[in-house]
Amino acid sequence: MSSGPKAPSQSAILVKKLALGADGPASGPTVVVKDCIDIAGLPTMCGSRAFAQSDPAQANAAVVASLLDAGCRIVGKANMHELAYGVTGANAFTGTPVNPLFPDRIVGGSSSGSAAAVAAQMVDFSIGTDTGGSIRMPAACCNIFGLKPTFDAVSRKGAVPAQSSLDCIGLFARDMATITKAAGIIIPGFTAQAAPKAEDLVLARLDCAADGDIDSAVDGVLARSGATIRSTALDDFEAAFRAGITIMAAEMWELFGDLVGTGLLGPDIDARLAAAANVTPQAVAEAEEVRARFTAAVDGLLATCDAIVLPTLPSVPPTIEEALDPAAVVRLTELVRPFNVSGHPAISLPTRTADGLPASIQLVARKGDDAKLCAIATAIEPSL
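No experiment lies behind these values; they were computed from the predicted model shown.

Engineer: What should I look at first to understand unusual backbone geometry in this one?
Structural biologist: Both trends apply: most residues other than glycine have a negative phi, and most peptide bonds are in trans. At the junction of Gly 109 and Ser 110, the peptide bond is cis and its omega measures out at 10 degrees in the coordinates. Cis rather than trans, the peptide bond between Val 160 and Pro 161 has omega equal to 0 degrees. Mapped onto the fold, Pro 161 is located in the loop between β5 (145-148) and β6 (168-173). The phi angle at Gln 121 is positive, at roughly 60 degrees, despite the residue not being glycine. The backbone of Asp 152 shows a phi angle near 75 degrees, a positive value even though the residue is not glycine.

Engineer: Quick question: what am I supposed to make of the packing of helix α5 (residues 176-186) against helix α11 (residues 370-380) here?
Structural biologist: The relative placement of two packed helices is expressed as an angle between their axes plus a distance between the axes. At a closest axis distance of 10 Å, the pairing of α5 and α11 adopts a crossing angle of 170 degrees. Accordingly, the angle class assigned to the pair α5 and α11 is roughly antiparallel. Within the contact between the two elements, α5 uses Met 176, Ile 179 and Thr 180 and α11 uses Cys 374, Ala 377 and Thr 378. Considering only residue class, the contact of α5 with α11 consists of 4 nonpolar, 2 polar and no charged.

Engineer: Help me understand the side chain of Asp 306, please; the structure alone is not making it clear to me.
Structural biologist: Relative to the elements of secondary structure, Asp 306 occurs in the loop between α9 (281-302) and β9 (307-311). Of note is the side chain of Asp 306, whose polar atom sits 2.8 Å from the backbone nitrogen of Val 202.

Conventions adopted
- Residues numbered from 1 in each chain as written.
- Predicted model: local features only at pLDDT ≥ 70, side-chain atom pairs only at ≥ 80, totals over all residues.
- Heavy atoms only, no water.
- Helix = DSSP H or I, 4+ residues; strand = E, 2+ residues; numbered from the N terminus.
- Axes fitted to C-alpha atoms, helices over the stretch in contact; angles between N-to-C directions.
- Parallel < 35°, antiparallel > 145°, perpendicular 65-115°, else oblique.
- Contact = heavy atoms within 4.5 Å.
- Nonpolar A, V, L, I, M, F, W, Y, C, P; charged D, E, K, R; others polar.
- Polar contact = N/O pair within 3.5 Å; in protein donor to acceptor, adjacent residues only side chain to side chain.

None of the figures reported here should be taken as evidence of function without further support.
Pasting the structure below:
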């Protein structure tokens, strides 16, 4: 599906090299963990100067404990967009990872290092977080697989932020076999399912705003798969995108607003947090009303099909130069953020446009059906 990865500097992908877990080549898969998740004895810096001198974590996050209990070898803490509040992966303080397969294009954020480490074949899989697309979006940019589980399926104990109504811990890998194996490690109660025959699947192809080359790439995969495809729409889809921005802004201001103007934040994050101060309680209440309506609409649609399918990104990832213009990145979470609002599990599957640029397919399943979602994705994988 792709040529071999480039060899980007590990210094921008990892903020710390580690050697945690059992020793030896057969001791288990190698993993990196996003640096907003606690590893005992290390500071959790969240990609920010504001936390660079914070006290070391006293205990491993729940997900880290699960990894170590399963025999995984944690080889590093992964870089990230500062405070997990950005989509490009650019970070002036800790450095910006290079996109291993498409070095002229953004790596994506906020789980930038976690995605780059997998794409560069540094590890078997990696752990990231997804509040508004922060796993699925960099997975799409780096042309790898990225899973956002059902909201609250993976314990967020030991993760920053401590409280969120949107954020999920999930993972990246280069193939569905590894995604499925890793999901079994981090998602309690996950039992892998046999992949169905693709031709037995009924998928609801969501009508949404995406560029023609992206739609063509997605629809080509679906046609090759042999699945039954039904065109559909979702009420409040665009409103859910806006609601997700509102809710995230309000929650981020509550968590980190005291850092605005201290000089400890990058200019992009300082400006975003300052703007978040203007989100009113009424706006949050209206966003929560959208959340309720949209969640019900997704549940209703999923009662009629095996999964919803749509592009992960509405366009190919912008180049690094293009991303300097905020208008070039404003669309990038339009198709992923709504499913943070609803809490449904979603996975990003890599493909390419006719020009060989990264495109990606997003599958969404019923809440709690993370194992079924992985099985459906495995059935689609040969058509990518």
